[in-house]
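Observations on the model geometry
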Amino acid sequence: MTQHRSHRAAARLARTALAVGALLASAAAQADVLLQESFSGGLGGFTSAGSVTTGSFGARMSGSAFGSDGSVRSAAFSTVGFGNLSLSFTRTPSGLDTGEAGIVEFSTNGSTYTVLESSRTASGPATFALPTTAAGQATLTLRFRVNASLSSETYTVANVRVDGTRTGTDPDPVARRDPGTGPWTLVSAANVAAECKLDSAALQQANRTLGLSYAIVRYGKLCHEYHPSGRDSASQVYSTTKTMGSLTVGALIHQTKNIPVTTTRKRGPLGEFQRVDHWLDSFTFQQASTTAHVLGMVSDASPNLNYPNREFVYDTVGSDAINRLSDLVNTVVAQDSTRLGGNIGTFWQRFIATPLGFENSTWGNSTTSKNFATSWTTTVRDMARLGLLMNNGGVWNGQRVVDVNYLYNLGHTSFEDANTRYGYLTWLQEEDPCAPKPQYRAYPHGQVSNAPSCGRPGGCPAQQHDVGVFFAAGLGGQYIIVHRGLDMVIVVKDSGGQSGDEPMRFWNAIRPAVVALDPTYRGNNASFCSAYGAGNYAPDLTLWEGGR
């Protein structure tokens, strides 16, 4: 039977619809990247033992006749809410004899490992489906190691990546939103409960209790704003500039990560664990300082930069060390002034101020030199943008702005022997029993810390969620406070107070609006604080890239 042309057209349309549907379904099921590291710029979120070198080739682990064989281990990352996990990487063995091997393994508890591959000859790209026991884990760790007897016998890995598909139990990824480059739209009081899970009556009480200018951002929305005078205007926010400057460094690390690594001075990508003298010809602080040492404020006062000898001295006006970061940025961007801008001012405007849509912000008066300690003039709403950038893992308007590993370290203790309450030009909340404490999953962390524990007098109790509260703080009571586990940022201007207790005071006043509508602890402040403060409750956590 001959098919009528209209029937054939309908059939073609149906086939097209099915194909489009299949593509949409495929896109919906597209895997998320939970962990990714090339090792071209260093170890990143991994730590090493034995002899390990990194470079454009990856991470090269060497054997040892009498010491420890080389190995690299990832920071623990979460696979909660993800299934169909796969690990891909490239491996290259060299010189391994019979009985020796390059080994790939994973652990769900940080101590007992399951081997995925142990081979003397396997080479090239590989992909392994991780067993179901690796899914739904709060702390999954990867380890690559060599078992060999000579330093000339090596095992090299590169381009490590873990993917997984959402199972529907992870918080809604749509929650990670922002206003892009457009203006904020204030959620109406009538909708604040439905859109922000905040109780309107409790917010009005917070206005009366605090009596100062503040704003709350939740789920990427400007949920509440209060100004006693009825308005806000741009003003100096003092040392909150430090955190904004630190994020500028993190943006530069991201923007230069694809520049080839080289030992030639004043060339290559910027790295947080890279020595400052790679970029600067002279400076007055410790010669062996890395960028991390400067950001952690230990580079000037420390007798030496090895654990446990580092000392923290707050660089109030930037003259000790941190203002030299301005010169460092100028040197780095000079490699590619067309793309990165000719100086720090142009870079900041192009890669921080413009993409975040700052409406009323200036950073000092010079484009060629910036004071990293103070001089940011801004509004509550622009401060909220910076806080939301940190809350969202360095992503804004769908684009990565700040390197995710750097941002993670910004919100955790940089050098425990010096000050457990300081990250990268950013403060950490330790005093509040109703706020989780920033704490790494495993120690030692990073490439220059070597601290064996969190260093707190109260110890390092296990936390289910890595969502410690961190904040920017400035003279006269300027604060940007990030509560990742609640997908919330609190911004305060001109509170008059300056101490680690101030964020706790704000949180005490605002928390009733959160607890009143909390899905688990509705109205039960004591139970909420017990769970949230211990790091065991994070109802609105959306994991950052790499499972952070």
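Refer to the structure above for everything that follows.
Now for a description of the structure that goes with this document. Quick caveat, the model's predicted, so the values are computed rather than measured. (Residues numbered from 1 in each chain as written. Predicted model: local features only at pLDDT ≥ 70, side-chain atom pairs only at ≥ 80, totals over all residues. Heavy atoms only, no water.)

Moving on to the state of the cysteines. With the rule as written, the count across this model stands at 3 disulfides. A sulfur-sulfur separation of 2.1 Å characterises the disulfide bridge that pairs Cys 196 with Cys 223. Its torsion about the S-S bond being -90°, the disulfide of Cys 196 and Cys 223 is classed as left-handed. Highlighted residues: Cys 196 in helix 2 (residues 192–196) and Cys 223 in strand 13 (residues 221–226), separated in sequence by 27 residues. The residues Cys 196 and Cys 223 share a single accessibility class, namely buried. Between Cys 434 and Cys 529 runs a disulfide, and the two sulfur atoms are separated by 2.1 Å. Looking down the S-S bond of the Cys 434 and Cys 529 bridge, the torsion is -85°, so its handedness is left-handed. Taken as a pair, Cys 434 in the loop between strand 19 (427–428) and strand 20 (470–474) and Cys 529 in helix 12 (residues 525–533) lie far apart in primary sequence, 95 residues in all. The exposure class of Cys 529 is buried, given its relative accessible area of 13%. Along the protein chain, the cysteines that take part in disulfide bonds pair up as 1-2, 3-6, 4-5, counted in sequence order. (Disulfide = S-S within 2.5 Å. Helix = DSSP H or I, 4+ residues; strand = E, 2+ residues; numbered from the N terminus. Buried < 20%, exposed > 50% of the residue type's maximum accessible area, 1.4 Å probe, protein only.)

Turning our attention to the side chain of Gln 439. Mapped onto the elements of the fold, Gln 439 is located in the loop between strand 19 and strand 20. At 2.8 Å, the side chain of Gln 439 forms a polar contact with the side chain of Arg 456. Within the structure, Gln 439 has its side chain in polar contact with the backbone oxygen of Pro 461 (distance 3.0 Å). Setting aside residues no more than four positions away along its own chain, Gln 439 makes contact with His 412, Cys 454, Arg 456, Cys 460, Pro 461, Gln 463 and Asp 466. (Polar contact = N/O pair within 3.5 Å; in protein donor to acceptor, adjacent residues only side chain to side chain. Contact = heavy atoms within 4.5 Å.)

What follows deals with the pairing of strand 22 (residues 488–493). With 6 of its 6 residues buried, strand 22 lies for the most part within the structure. On strand 22, burial covers both faces: Met 488, Ile 490 and Val 492 on one face and Val 489, Val 491 and Lys 493 on the other are all buried. Sheet topology note: the strand 12 (residues 213–218)/strand 22 ladder contains 6 bridges and is antiparallel. If you follow Val 217 over to strand 22, its bridge partner there is Val 489. Where strand 21 (residues 478–483) meets strand 22, 5 bridges bridge the pair, whose relative direction is antiparallel. In the sheet register, Ile 481 faces strand 22, and the bridge partner there is Ile 490. (Pairing = 2+ DSSP bridges.)

So, about empty space enclosed by the protein. A full pass over the atoms with the stated rule returns 5 cavities of 30 Å³ or more. In this model, the largest cavity occupies a volume close to 160 Å³. Those elements that place two or more of their residues in the lining of the largest cavity are strand 2 (46–49), strand 5 (71–74) and helix 10 (404–410). Class assignment of the residues belonging to the lining of the largest cavity gives a composition of 7 nonpolar, 7 polar and 3 charged. Reported here for the second largest cavity is a volume of approximately 70 Å³. Lining the second largest cavity are 13 residues, with Phe 273, Ser 414, Tyr 424, His 445 and Gly 446 sitting closest to its centre. Here the residues of the lining of the second largest cavity sort into 6 nonpolar, 6 polar and 1 charged. (1 Å grid on protein atoms, 1.4 Å probe; cavity = no way out; pocket = protein on both sides within 12 Å on 5 of 7 lines; lining within 4 Å. Points joined across faces, edges and corners; volume = space filled by probe spheres on them. Nonpolar A, V, L, I, M, F, W, Y, C, P; charged D, E, K, R; others polar.)

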